[in-house]
Amino acid sequence: MELERGKLSNVVQVTAGNTSAIVTVSNNKKIYVKSIIAHGVNVQVTPTAQVYYVPNGSSVGASTRIFDVTLSAKESALIEPAYPIVLTQTGDALYVGAGVDTVNFLVTGDKEA
């Protein structure tokens, strides 16, 4: 099995109260998420950043949330699980969300070539 290494997404900006799919499996090619970087954009607000593992056919919600991080204003957080998060089937996706204010996200890892 060959892997393509590196970033899995470009920087994705999510505004308050919204979510966005940041990585989605296609053609049953597994994706291994190694880290997620979250950055609070504004100076005067304390944002929250959420990460969701959404299997194909499911939806974003409390039952699919795997991380909920409170950031200080203009702070960055590195979310790095002990083992990679593995997305396996076509349609499985990693979503990111912002609670109180705008958050930028970047996902790194590997995907099957």
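Thresholds, definitions, all that
Residues numbered from 1 in each chain as written. Predicted model: local features only at pLDDT ≥ 70, side-chain atom pairs only at ≥ 80, totals over all residues. Heavy atoms only, no water. Helix = DSSP H or I, 4+ residues; strand = E, 2+ residues; numbered from the N terminus. Rg over C-alpha atoms; globule rule 2.2 N^0.38 Å. Buried < 20%, exposed > 50% of the residue type's maximum accessible area, 1.4 Å probe, protein only. Core = buried A, V, L, I, M, F, W, Y, C linked by side-chain atoms within 4.5 Å. Contact = heavy atoms within 4.5 Å.

Draft legend 1. Layout of the overall build of the protein. Helices and strands together make up the secondary structure of the protein, namely 0 helices and 10 strands. Shown N-terminal to C-terminal, the secondary structure of the protein runs as helices and strands in the order β-β-β-β-β-β-β-β-β-β. The C-alpha atoms of the protein give a radius of gyration of 14 Å, which matches the 13 Å a tight globule of 113 residues would have. Across its three principal axes, the protein shows a C-alpha extent of roughly 45 × 25 × 25 Å. Here the protein, with 113 residues, has 37% of them falling under the buried criterion.

Draft legend 2. Inspection of the nonpolar core at higher detail. Among the nonpolar cores identified, the biggest contains 23 residues, and I22, V23, V33, I36, L94, F105 and V107 are the most heavily contacted of them. Contributions of two or more residues to this core are made by β2 (12-14), β3 (18-24), β4 (31-40), β5 (48-54), β7 (76-79), β8 (85-87), β9 (93-98) and β10 (103-112). When residues in this core are grouped by element, the largest group, 4 residues, is from β4. In contact with V33, other than residues within four places in its own chain, are L8, P84, I85, L94, V107 and T108.

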